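# Coordinate analysis (summary)
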Amino acid sequence: MKPRLFTPGPTPVPEETLLELARPVTYHRSAEAKAILAEVTEDLKYVFRTANPVFTLTSSGTGGMEAAVSSCLAAGEKVILLTAGRWGERWRGVLKAHGANIVAVEVPYGKAVTPEMAEAAVKANPDAKAVFATLSETSTGVGHDVAAFGKIVAPTEALLIVDGISGLGAMECRVDEWNIDVCVTGSQKALMLPPGLAFVSVSDKAWKKMDATPVRNFYFDLRRYRKSQLESDTPFTPANTLIRAQRASLKRIRTEGIENLWARHERIAKAARAAVRAMGLQNFAERPNSALTVISVPAGVDGSGTLKKLEKQYGYKLADGQDAMKGKIWRLSHMGYTDAFEVLGAISALELVLAEGGFNLQIGSGVAAFQQAYAAGK
Ligand SMILES: *Cc1c(COP(=O)(O)O)cnc(C)c1O
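Note that the coordinates shown come from a computational prediction; the quantities given were computed from them, not determined experimentally. (Residues numbered from 1 in each chain as written. Predicted model: local features only at pLDDT ≥ 70, side-chain atom pairs only at ≥ 80, totals over all residues. Heavy atoms only, no water.)

### Here we look at the UniProt feature "domain: Aminotransferase class V" (unreviewed entry) in the chain
The feature "domain: Aminotransferase class V" (unreviewed entry), as given by UniProt, occupies residues 26-323 in the numbering adopted here. In residues 26-323, helix accounts for 42% and strand for 18%; the two terminal C-alpha atoms are 41 Å from one another. (UniProt positions renumbered as here; feature names shortened; annotations may be inferred. Helix = DSSP H or I, 4+ residues; strand = E, 2+ residues; numbered from the N terminus.)

Pasting the structure below:
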């Protein structure tokens, strides 16, 4: 059976990128390695839609989040946390570990933090040093209106710090235009690479704050990365094999064009949601994003058991809900190197498994709705 990866990280990796990973290991301080890093940095700036520097860290996405928190904040400083799920809670965990004074704006799983909620919190806390948000809340499929958050935060002294892991490269995100001061992403979501790299952009406003903040971290101090980047270098040994491979995936993104890529994800996401409705199921996210489709497990259906059958019988690996959401939702990724017809296959397999389990649905209803919505979405 052919294994098919539909988890919202890691995601499938294109062939030309996998081939890069098979090539011999090279020295990371060579002129060639520096040239590759410089090229990757330029392509990342293109993807982030920023003229500011973007740093490559050898860590998973959370390392990028920790770099943002520890470089921008002194212990005890007040921050506003906008949280709508597990990844908002990841921000909370990192902030707590670094002694931040957290004012949380929290909504239940499946809901989005609205710009009005963010605005009220910013007004009530003029002494906040930063606002933390999540572009794509991968645990629920919710997408946040980060452009609106940017308009609210930009006129204040606070920084807007965004977890763009899973969102960046799958849905519209314009770092400079939207006034995002620090944007973090990871290699294994929409950027078509295995896990192992984090990328962080930093605005001028954020540099000013960092330069006035005591050093609290060694490996993740972004000031070190700024210094090294002047020589197209990194402060520590980077995962240079991954960086070289990332170059190949970024070339693919540049060839497609970032706006075409956003449109492709949106078209697939709309078709997938139409399929869900046609199958008599419900989309879980109140404000869905284009990186993944999150389906509520219907009453009477064994959510986790259904996913196990999907994988065992048809090779489709979807993700279960996390923590309290386990067994309650199914998460189907369509980010990165995944096309419409692969997602159509996943819908088809889900229909079969549900029908076999006795769920009342007409086989083919989801597939037909997907195709119709996809055709209409041109
Ligand atoms: C995957 C993910 C993370 C966690 O990243 P790691 O690479 O596992 O450290 C954080 N935030 C969001 C939104 C994610 O999707």
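### Some details on the UniProt feature "modified residue: N6-(pyridoxal phosphate)lysine" (unreviewed entry) in the chain
On the UniProt side, "modified residue: N6-(pyridoxal phosphate)lysine" (unreviewed entry) is annotated at positions that read Lys189 here. In this structure, Lys189 sits in the loop between strand E9 (182-186) and strand E10 (197-202).

### A few points about helix H11 (residues 303-314)
Under the 1.5 Å per step criterion, the end-to-end length of H11 is 16 Å for 12 residues, consistent within 8% with the ideal 16 Å. For H11, every residue scored as buried is listed here: Gly303, Ser304, Gly305, Thr306, Leu307 and Leu310. At its buried positions, H11 is contacted by strand E13 (316-317), strand E14 (319-320), strand E15 (329-333) and helix H12 (340-356). N-capping of H11 is provided by Asp302, with a side-chain oxygen placed 3.4 Å from the backbone N of Ser304. Gly315 sits one or two positions beyond H11 and adopts a positive phi of about 85°. (Expected span 1.5 Å × (residues − 1). Buried < 20%, exposed > 50% of the residue type's maximum accessible area, 1.4 Å probe, protein only. Contact = heavy atoms within 4.5 Å. Polar contact = N/O pair within 3.5 Å; in protein donor to acceptor, adjacent residues only side chain to side chain.)

### Focus on helix H5 (residues 115-124)
Among the residues of H5, those classed as buried are Pro115, Ala118, Ala121 and Val122. In a view along the axis of H5, the buried residues occupy a sector of 125°, so they form one face of it. Exposed side chains of H5 directed beyond 90 degrees from the buried face belong to Glu116, Lys123 and Ala124. Contacts from the buried residues of H5 go to strand E3 (78-83), strand E4 (101-106), strand E5 (130-134) and helix H6 (146-153). (Arc of directions from axis to C-beta.)

### A look at the domain arrangement of the chain
We note that the domain assignment places domain 1 (4-8 + 258-376) and domain 2 (15-256) within the chain. Computed from C-alpha coordinates alone, the two centres of domain 1 and domain 2 are separated by 28 Å. At the junction of the two partners, domain 1 supplies 26 residues and domain 2 supplies 33 residues. With both chains or domains summed, domain 1 and domain 2 bury close to 2600 Å², and 54% of this area falls on carbon and sulfur atoms. The largest share of the area that domain 1 buries against domain 2 comes from Ile258, Trp262 and Arg287, three residues that together contribute 27% of it. Residue Arg86 is joined to Asp323 by a salt bridge in which the shortest nitrogen-to-oxygen separation is 2.9 Å. The tally of links from domain 1 across to domain 2 stands at 14 residue pairs in polar contact (both at pLDDT 80 or more). Here the side of domain 1 that touches domain 2 takes seven residues from helix H10 (residues 258-278), the largest share from any one element. (Domains from an automatic or database assignment. Buried area = accessible area lost by both parts, 1.4 Å probe. Salt bridge = Lys/Arg side-chain N within 4 Å of Asp/Glu carboxyl O.)

### Comments concerning the pairing of E10
In regular strands, side chains alternate between the two faces of the sheet. Burial of E10 is extensive: six of the six residues sit out of reach of the surface. Inspection of the sheet shows strand E2 (residues 54-58) paired to E10 by five bridges, in the antiparallel sense. What sits directly across from Val54, in E10, is Ser201. (Pairing = 2+ DSSP bridges.)

### As for the pattern of salt bridges
Overall, the coordinates contain 26 salt bridges when judged by the stated rule. Across the pair Arg287 and Asp145 runs a salt bridge whose closest N-O atoms are separated by 3.9 Å. Here Arg287 is found in the loop between strand E11 (282-283) and strand E12 (292-296), whereas its partner Asp145 is found in the loop between strand E7 (142-143) and H6, with 142 residues between them in sequence. Using a relative accessible area of 25% as the deciding quantity, one classes Asp145 as partly exposed. Its salt-bridge partner being Asp320, residue Lys326 comes within 3.4 Å of it at the nearest N-O pair. Lys326 gets classed as exposed once you look at its relative accessible area, which sits at 54%. Several salt bridges share partner residues, and in doing so they unite Glu39, Asp43, Arg247, Lys251 and Arg254 into one network.

### Quick word on the nonpolar core
The biggest cluster of nonpolar side chains holds 49 residues, and the ones touching the most others in it are Leu82, Leu160 and Ile180. Shared between two domains, this core takes at least three residues from each, and those domains are domain 1 (4-8 + 258-376) and domain 2 (15-256). Dropping the residues within four chain positions of it, Leu82 is found in contact with Val105, Val113, Ala118, Val131, Phe132, Ala133 and Phe149. Val79, Trp207, Met210 and Leu222 belong to the second largest nonpolar core, which has 31 residues in total. (Core = buried A, V, L, I, M, F, W, Y, C linked by side-chain atoms within 4.5 Å.)

### What about the environment of Glu351?
Examined against the element boundaries, Glu351 turns out to sit in helix H12. Under the relative-accessibility criterion, Glu351 is labelled buried at 2%. Once the C-alpha coordinates of Glu351 and Leu310 are considered, the two residues, 41 residues apart in sequence, prove to be 9.8 Å apart. Every residue in contact with Glu351, bar those within four places of it in the chain, is listed here: Met279, Leu361, Gln362, Ile363, Gly364, Ser365, Gly366 and Val367.

### As for the site of the ligand
Inspection of the region around the ligand gives Ser60, Gly61, Thr62, Trp87, Ser136, Thr138, Asp163, Ile165, Ser166, Gln188 and Lys189 as its neighbouring residues. Here an oxygen atom of the ligand and a side-chain polar atom of Thr62 are 2.5 Å apart. Coverage of the ligand by the protein chains reaches 90% of its 380 Å² of free accessible surface. In this structure, the ligand is accommodated by the second largest pocket. Partitioned by chemical class, the residues of the shell around the ligand number two nonpolar, seven polar and two charged. (Near = heavy atom within 4 Å. Areas by Shrake-Rupley, 256 points an atom, 1.4 Å probe, with all protein chains shown as cover. 1 Å grid on protein atoms, 1.4 Å probe; cavity = no way out; pocket = protein on both sides within 12 Å on 5 of 7 lines; lining within 4 Å. Sits in = over half its atoms within 2 Å of the grid points. Nonpolar A, V, L, I, M, F, W, Y, C, P; charged D, E, K, R; others polar.)

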